[in-house]
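Now for the letters of each chain:
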Amino acid sequence: MTASTLLAAVGFGIVTASILAVAGVGFTLQFGVTNILNLAYGDIMTASAFVAYLVTNAGLSVWLALVAGAAFGSAFSVLLNRFIYTPFVRHGTRLFGMIIVSIAVSLILQNALLAIFGANFFSLQMPRPSSVHIAGMVFTTVQLAIIAIALAAMLLIHLLLRYSKLGKAMRATATDPELARNCGIATDRVIDLTWALSGALCGLAGVVLVMNVTAFTDTTGSQFLIPIVAVAVLGGIGQPYGAMLGALVIGITSEVAAAVFSPQYKDVVAFVILVIVLLARPQGILSEVATRKEVAA
Amino acid sequence: MRTAVIAVGTALALAALAGCASSSSGASASALVVGEFNPFTGPDAAFGPEMVGGCIPAVRLINAGGGVLGHQLTCVQEDTRGDPADAVPAAQKMIATESTLVGVLGPSSDEALATVPLLNTGHVPMFVDTGQAAFDHSGYPYFWRITPADDVKGYAMALWAHKAGYTRAAAVFGNDAGAQSDVPTLVSAFTRLGGTIVYNKPFALDQSSYRTEIENILATHPQVIFTEVDPQTASTFLSELQQLHGMLPVVGTEVTLQAPWLKAVTGAIGAPAMAKYFEGMQPYAPASGPAWAAYNKSLLASSSQVPKPSQWSTDPYSMTYYDGVNVMALAMIAAKSTDPKVFNAYIVKVTAPGAGKTVVTTFAAGKKALQEGKQIQYVGAGGPIVFNRWHNSTGAFEAARYLNGNPSLVGSVSAAQIAAISR
């Protein structure tokens with residue numbers, strides 16, 4: 001194992017972390033504010049990827065496909081909450097019941113995609129990327145674009161949470177919805193906007209994922225759900241900054257594990273770290289820090 | 001927070017349980033059921049449609065020819081998801097609920113070790129597509145294999161690469177049981193031929209990236225890559241290899257010659273790179289002769305039940321599934337019984353060559369000959385079927401390139417060459 005191989009693994013881990021960060025922040029943000037564990041998240045990613053596929057197949061650019069995927073994820077998530085999840089919550093369905101509902105939505109969505117597109121593999125139509133050498137590592141233009149997209153998305157989320165009224169309202173709603181409502185915050189609207197924002201990140205994550213893997217099918221997003229949940233749990237559920245950190249840990253660790261041990265232990269090593277961290281800090285890495293500094297969503 | 005963590009754990013467990021469901025296309029009560037016991041979803045979802053491409057044309061011709069002892073046949077999908085945890089309950093359900101089940105196509109390597117004993121105990125004749133060497137000397141009476149074992153596949157790949165002059169190779173196989181069963185004989189044969197396997201580590205499937213693995217592989221300077229991974233993994237791996245370094249020659253197993261794999265990887269690396277760098281090895285099944293013509297005609301006429309049927313016209317596995325159904329149907333007629341416990345022993349009788357036997361290439365011809373009191377040797381679309389004492393029948397391998405949207409034969413490895421290296 002040479003230092004350059006290790007360095008390359010870290011660099012490649014940043015690409016993986018970028019995809020995980022976009023997906024993980026959306027997932028944890030939505031859970032933190034709405035208290036609904038949406039296990040259909042991976043399937044919404046896939047559906048958004050199919051929207052992007054249709055856009056690129058129509059001859060439009062992959063950048064437009066990214067926007068379309070994010071817009072679809074956002075709109076679908078809002079509608080999903082309005083017409084499926086909220087009625088269950090109003091009827092008193094509790095956390096575990098909502099998990100079952102979200103699994104049902106996941107299966108329905110997955111099978112709907114299978115029925116519409118068939119059991120096949122699809123690729124976005126986009127120009128073949130070129131290679132770029134940076135600090136002894138080789139990236140493709142697509143990978144650099146994915147890193148840039150993730151950085152931009154994380155920066156926007158940071159600005160939104162820290163400096164906007166909506167961000168403050170989201171944090172208040174997440175902390176105590178009843179109190180937030182009594183203070184004049186339109187919590188229903190905040191929840192809608194949270195679904196829209198997390199859905200947009202979900203859609204964006206779906207598109208960047210399939211840009212990276214190049215071929216996808218109706219189950220690609222759901223296969224990615226476990227690492228996304230791991231990122232959210234590792235960072236502290238409901239903590240967007242924790243999810244960013246969790247994505248870095250999982251992304252880099254899995255690539256380094258592939259370099260040092262064997263590719264088949266990629267997930268195993270990452271999840272061993274997850275278990276160790278949770279044994280030491282069941283609330284996740286950043287939970288207490290976030291609460292103390294009032295940066296939690 | 002603790003509640004949330006518990007909820008996550010419970011949710012993941014429930015999600016896993018939710019994945020246990022299997023699908024069935026349903027069948028009429030009076031029809032004899034042939035189970036298509038293979039993955040239709042999951043990483044090896046490409047296997048199932050290939051099986052449909054063999055079962056449907058066979059059943060179509062059998063039913064058009066008056067059926068078997070007054071019964072029609074039907075193909076019923078049983079999705080194993082390519083996972084023993086799903087396949088075992090699927091097998092148990094199938095045996096318990098399909099009262100007219102006369103046999104199955106499958107299982108594949110993904111679930112064979114867990115389900116072959118179950119099916120055997122249930123007296124279900126199975127025409128397996130598993131290549132696992134564990135079944136080379138199988139003692140299961142209801143086990144039948146007319147596709148080559150994986151160890152044979154490994155020999156064929158090694159011989160083909162050796163013939164091309166490669167001496168340094170990387171083995172890129174998925175960490176699933178099916179793919180890993182190819183590796184031991186590939187390594188031993190390539191080494192015996194004077195080559196070196198410079199990289200051999202199982203791959204975790206469907207990752208978002210394989211860049212680190214590629215760096216490690218390139219550090220060993222291979223001339224060729226041997227592979228069997230699912231389409232999504234292959235697309236990610238090969239496109240990243242192409243982007244980061246440039247393509248290397250690739251020799252794949254027959255899994256890489258299946259339509260979904262070819263489509264996915266061609267989309268990822270482009271048709272010119274596929275045509276130039278990729279070759280796949282598959283059991284040799286010439287697309288010619290009367291048995292193949294009957295198969296292909298029925299296949300092409302089955303478009304209402306087989307999507308894009310022409311994609312299976314030259315697929316050796318679809319041909320062997322077709323042959324498997326025909327053999328079971330003819331064995332029933334020869335045994336004058338649809339009871340598997342009775343007709344199972346007749347499977348050898350309708351396929352083995354012998355003096356005075358009438359060679360037949362279709363179900364209709366076989367049925368007619370049997371009704372006339374003759375003994376028959378069924379020669380199928382995939383060629384002659386000669387079972388050894390362990391119910392295995394294997395043959396030669398062909399190498400194919402993907403040219404102009406179709407696998408095209410570029411050479412072959414003979415059964416004699418394989419036998420020589422396997423000693």
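Residues numbered from 1 in each chain as written. Chains lettered and ligands numbered in written order. Predicted model: local features only at pLDDT ≥ 70, side-chain atom pairs only at ≥ 80, totals over all residues.

Some thoughts on the overall build of chain A
Then, number 1: A count of helices and strands for chain A gives 13 helices and 2 strands.
Then, number 2: Along the three orthogonal principal directions, the C-alpha set of chain A runs to about 60 × 45 × 35 Å.
Then, number 3: The long-range fraction of contacts in chain A, counting pairs at least 24 apart against all pairs at least 6 apart in sequence, stands at 77%. (Helix = DSSP H or I, 4+ residues; strand = E, 2+ residues; numbered from the N terminus. Contact = placed C-beta atoms within 7 Å.)

So, the overall build of chain B
Then, number 1: Summing up its helical and strand segments, chain B has 17 helices and 15 strands in all.
Then, number 2: A globule of 423 residues ought to have a C-alpha radius of gyration of about 22 Å, and chain B, at 22 Å, matches this closely.
Then, number 3: Here chain B, with 423 residues, has 59% of them falling under the buried criterion.
Then, number 4: Look at the contacts in chain B between residues 6 or more apart in sequence, and 71% of them connect residues 24 or more apart. (Rg over C-alpha atoms; globule rule 2.2 N^0.38 Å. Buried ≥ 20, exposed ≤ 12 C-beta atoms within 10 Å, placed from the backbone.)

Quick look at the sheet that holds strand 10 (residues 278–283) of chain B
Residues and elements named next belong to chain B.
Then, number 1: Taken together, 7 strands build an open sheet; the order of strands is 7-6-8-9-10-14-15 and the sheet is mixed. A strand with exactly one partner marks an edge of an open sheet, and here the two such strands are strand 7 (196–200) and strand 15 (406–413). On average, adjacent strands in this sheet sit at an angle of 30° to one another, irrespective of strand direction.
Then, number 2: As defined by bridge partners, strand 10 adjoins strand 14 (residues 397–403) across 4 bridges and the pair is classed as antiparallel. Paired with Met-281 across the strands is Ala-399, a residue of strand 14.
Then, number 3: Of the strands in this sheet, strand 6 (168–173), strand 8 (224–228), strand 9 (250–252), strand 10, strand 14 and strand 15 touch helix 5 (residues 150–163), which is tilted by about 140° from strand 10. (Pairing = 2+ DSSP bridges. Axes fitted to C-alpha atoms, helices over the stretch in contact; angles between N-to-C directions.)

Here's the deal with the interface of chain A and chain B
Then, number 1: Every contact between the two is made by 48 residues of chain A and, on the other side, 42 residues of chain B.
Then, number 2: Elements that contribute at least two residues to the side of chain A that touches chain B include exactly helix 1 (3–34), helix 4 (95–117), strand 2 (137–140), helix 8 (187–213), helix 9 (220–223), helix 10 (225–235), helix 11 (240–260) and helix 12 (266–280) of chain A.

Regarding the packing of helix 5 (residues 141–163) of chain A against helix 8 of chain A
Residues and elements named next belong to chain A.
Then, number 1: Orientation of helix 5 relative to helix 8, taken along the N-to-C sense of each, is 165°, at an axis distance of 10 Å. Considered as vectors, helix 5 and helix 8 are oriented roughly antiparallel to each other. The crossing of helix 5 and helix 8 is left-handed. Residues Val-142, Ile-146, Ile-149 and Ala-153 of helix 5 form the contact with helix 8, whose own contacting residues are Leu-201, Leu-204, Val-208, Met-211 and Asn-212. (Parallel < 35°, antiparallel > 145°, perpendicular 65-115°, else oblique. Left-handed = near helix turned anticlockwise from the far one by under 90°.)

A closer look at the sheet that holds strand 12 (residues 376–380) of chain B
Residue and element names in this part refer to chain B.
Then, number 1: Read from one edge of the open sheet, 3 strands run 11-12-13, paired in mixed fashion. For this open sheet the edge positions go to strand 11 (358–360) and strand 13 (383–384), each flanked by a neighbour on one side alone.
Then, number 2: With 2 bridges connecting them, strand 12 and strand 13 associate as antiparallel partners. When the bridges of strand 13 are listed, Val-379 appears paired with Pro-384.

Concerning the pairing of strand 2 (residues 73–79) of chain B
All names here are of chain B.
Then, number 1: Most of strand 2 is tucked away: 5 of the 7 residues are buried.
Then, number 2: In this structure, strand 1 (residues 32–38) lies alongside strand 2, joined through 7 bridges in parallel fashion. Bridged to Val-34 within strand 2 is Cys-75.
Then, number 3: What joins strand 1 to strand 2 is helix 2 (residues 47–64), and the crossover it makes is right-handed. (Right-handed = clockwise from strand over helix to strand, strands pointing away.)

Here we look at the environment of Ile-197 of chain B
All names here are of chain B.
Then, number 1: Mapped onto the elements of the fold, Ile-197 is located in strand 7.
Then, number 2: Residue Ile-197 is classed as partly exposed on the basis of its C-beta count, with 19 C-beta atoms lying within 10 Å.
Then, number 3: When sequence neighbours within four positions are dropped, the list of residues in contact with Ile-197 reads Ala-169, Ala-171, Val-187, Phe-190 and Thr-191.

Thoughts on helix 11 of chain A
Then, number 1: For helix 11 of chain A, with 21 residues, the first-to-last C-alpha span of 30 Å sits near the 30 Å given by 1.5 Å per residue.
Then, number 2: Taking burial as the measure, the 21 residues of helix 11 of chain A include 19 buried ones, the bulk of the element. (Expected span 1.5 Å × (residues − 1).)

Things to note about the confidence of the model for chain B
All names here are of chain B.
Then, number 1: Looking at chain B, pLDDT values average 89 and 93% of them are 70 or higher.
Then, number 2: Of all helices and strands in chain B, the one with the weakest mean pLDDT is helix 1 (residues 2–18) (44), whereas strand 4 (residues 126–127) scores best (98).
Then, number 3: Scoring of the predicted complex yields 0.71 for pTM and 0.79 for ipTM. (pLDDT = per-residue confidence, 0-100.)

Topic: helix 16 (residues 363–371) of chain B
Residues and elements named next belong to chain B.
Then, number 1: When helix 16 is considered as a whole, its buried residues turn out to be Phe-363, Gly-366, Lys-367, Ala-369 and Leu-370. Down the axis of helix 16, the smallest arc covering the buried residues is 165°, so these residues share one side.
Then, number 2: Residues of helix 16 that are buried sit in contact with helix 2, helix 13 (316–335), strand 11 and strand 12.
Then, number 3: Following helix 16 by one or two positions, Gly-373 adopts a phi angle in the positive range, close to 85°. (Arc of directions from axis to C-beta.)

Brief notes about unusual backbone geometry
All names here are of chain B.
Then, number 1: Following Gly-106, the chain continues into Pro-107 via a peptide bond in cis, with omega recorded as 5°.
Then, number 2: Position of Pro-107 among the secondary structure elements: in the loop between strand 3 (101–105) and helix 4 (112–121).
Then, number 3: Positive phi outside glycine occurs at Lys-336, with the angle close to 55°.
Then, number 4: Its location among the elements puts Lys-336 in the loop between helix 13 and helix 14 (340–343).
Then, number 5: What makes Lys-336 exposed here is the crowd of 11 C-beta atoms within 10 Å.
Then, number 6: For His-391, which is not glycine, the phi dihedral falls at a positive 65°.
Then, number 7: Tracing the sequence through the fold places His-391 in the loop between strand 13 and strand 14.

Observations regarding the packing of helix 1 of chain A against helix 5 of chain A
All names here are of chain A.
Then, number 1: For the pair helix 1 and helix 5, interaxial distance at closest approach is 9 Å and the crossing angle is 35°. The interaxial crossing formed by helix 1 with helix 5 has left-handed handedness. Of the residues in helix 5, those touching helix 1 at Ile-14, Val-15, Ser-18, Ile-19, Ala-21, Val-22 and Val-25 are Gln-143, Ile-146, Ile-147, Ala-150, Ala-153, Met-154 and Ile-157.

A few points about the nonpolar core
Then, number 1: Ranked by internal contacts, the top residues of the largest apolar core, which has 232 residues, are Val-22 of chain A together with Cys-55, Leu-330 and Ala-331 of chain B.
Then, number 2: Element by element, the count of residues in this core is highest for helix 1 of chain A, at 16 residues.
Then, number 3: Setting aside residues no more than four positions away along its own chain, Ala-331 of chain B makes contact with Phe-343, Tyr-346, Ile-347 and Val-350 of chain B. (Core = buried A, V, L, I, M, F, W, Y, C linked by C-beta atoms within 7 Å.)

Focus on the environment of Val-25 of chain A
Residue and element names in this part refer to chain A.
Then, number 1: Here Val-25 shows up in helix 1.
Then, number 2: By C-beta crowding, Val-25 is classed as buried, having 33 other C-beta atoms within 10 Å.
Then, number 3: Once the C-alpha coordinates of Val-25 and Gly-284 are considered, the two residues, 259 residues apart in sequence, prove to be 14 Å apart.
Then, number 4: When sequence neighbours within four positions are dropped, the list of residues in contact with Val-25 reads Met-154, Ile-157, Leu-201, Pro-240, Ala-243 and Met-244.

As for the confidence of the model for chain A
All names here are of chain A.
Then, number 1: Scored by pLDDT, chain A comes out at a mean of 88, with 96% of its residues at no less than 70.
Then, number 2: Taking the mean pLDDT of every element in chain A, the minimum, 49, falls on helix 13 (residues 287–293) and the maximum, 97, on helix 2 (residues 41–57).
Then, number 3: Ignoring residues within four places in sequence, the model shows residues 292–297, a span with pLDDT below 50, making 19 contacts including any to other chains.

Description of the environment of Ala-396 of chain B
Residue and element names in this part refer to chain B.
Then, number 1: With respect to the secondary-structure elements, Ala-396 resides in the loop between strand 13 and strand 14.
Then, number 2: A tally of 19 C-beta atoms within 10 Å means that Ala-396 is categorised as partly exposed.
Then, number 3: When the C-alpha positions of Ala-396 and Glu-50 are compared, they lie 20 Å apart, and in sequence the two are 346 residues distant.
Then, number 4: The residues touching Ala-396, leaving out its near neighbours within four places in the chain, are Tyr-284, Ser-412, Val-413, Ser-414 and Ala-415.

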